[in-house]
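Residue strings, one per chain:
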Amino acid sequence: TGTPQELMMRAGGTQTVRLVTVRPVAAGRLVALPAVQDVAVEGNVATFRVARPTEMLAALTPLLAAEKNEIVDLQIRQASLEDVFIALTQGEAKS
C-alpha cells in the first residue's frame, strides 16, 4: 500500500526506454550499458529498462558515434501505475 508515486518507486524505480536508430544496435551492446536490463531489439527499434537513465545516455552517445549510427527517436518514460500493477501481480503469482 501507499501513494501511487510510492508504489512506482517501490516497483523498482526503472524507466522504460524506446530507442530508434538509423541502423540496428546489437542487444549485447545495449546490455553492456550502465543499469540497462530486459533488452529487446526488433530491427532498428530497441526497448529496455534502465535504472539510471542519465548514466545510460552518457554511455549510449559514444557507442552510437563509434558505430556511426544516429538516433531517429528516443523515448524515456517512468513506470506507470499499470506497469506497477503488472509487476506486483506477477510477483504474487510466482509466490
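Quick look at the structure, then. In this text, all values refer to a predicted model and were calculated from it rather than measured experimentally. (Residues numbered from 1 in each chain as written. Predicted model: local features only at pLDDT ≥ 70, side-chain atom pairs only at ≥ 80, totals over all residues. Heavy atoms only, no water.)

1. Quick notes on the overall build of the protein chain
Inference 1: The number of helices and strands found in the protein chain is four helices and four strands.
Inference 2: Listing the helices and strands of the protein chain from first to last along the sequence gives α-β-α-β-β-α-β-α.
Inference 3: Per-residue burial over the protein chain gives 23% buried out of 95 residues.
Inference 4: Total accessible area on the protein chain stands at roughly 6,100 Å², and carbon and sulfur atoms take up 57% of it. (Helix = DSSP H or I, 4+ residues; strand = E, 2+ residues; numbered from the N terminus. Buried < 20%, exposed > 50% of the residue type's maximum accessible area, 1.4 Å probe, protein only. Areas by Shrake-Rupley, 256 points an atom, 1.4 Å probe, with all protein chains shown as cover.)

2. Some remarks on a nonpolar patch on the surface
Inference 1: Residues Ile71, Leu74 and Ile76 make up a contiguous nonpolar surface patch of about 210 Å² in total accessible area.
Inference 2: With respect to the secondary-structure elements, Ile76 resides in strand 4 (residues 71–78).
Inference 3: Exposure remark for Ile76: the relative accessible area of 33% places this residue in the partly exposed category. (Patch = residues over 30% accessible without salt bridge, like charges linked within 9 Å, V, L, I, M, F, W, Y side chains within 5 Å. Salt bridge = Lys/Arg side-chain N within 4 Å of Asp/Glu carboxyl O.)

3. What to know about the side chain of Thr14
Inference 1: When you line up the elements, Thr14 lands in the loop between helix 1 (4–10) and strand 1 (15–21).
Inference 2: Exposure remark for Thr14: the relative accessible area of 13% places this residue in the buried category.
Inference 3: In this structure the side chain of Thr14 is engaged in a polar contact, spanning 3.1 Å, whose partner is the side chain of Arg49.
Inference 4: Once residues within four sequence positions are removed from consideration, Thr14 is found in contact with Gln37, Arg49, Val50, Ala51 and Ala79. (Polar contact = N/O pair within 3.5 Å; in protein donor to acceptor, adjacent residues only side chain to side chain. Contact = heavy atoms within 4.5 Å.)

4. Considering the pairing of strand 1
Inference 1: Of all seven residues in strand 1, five are buried, a share of seventy percent or more.
Inference 2: The pairing of strand 1 with strand 3 (residues 45–50) spans six bridges and is classified as antiparallel. Among the inter-strand pairings, Thr16 is bridged to a residue of strand 3, identified as Arg49.
Inference 3: As paired elements, strand 1 and strand 4 share seven bridges and run antiparallel to each other. Bridge assignment links Thr21 to a residue of strand 4, and that residue is Ile71. (Pairing = 2+ DSSP bridges.)

5. Some thoughts on unusual backbone geometry
Inference 1: Backbone geometry places Ala35, a non-glycine residue, at a positive phi of 65°.
Inference 2: Looking at the element boundaries, Ala35 is found in the loop between helix 2 (27–31) and strand 2 (36–42).
Inference 3: You can call Ala35 partly exposed: its relative accessible area is 21%.
Inference 4: One non-glycine residue, Lys68, adopts positive backbone phi at about 50°.
Inference 5: Along the chain, Lys68 turns up in the loop between helix 3 (53–66) and strand 4.

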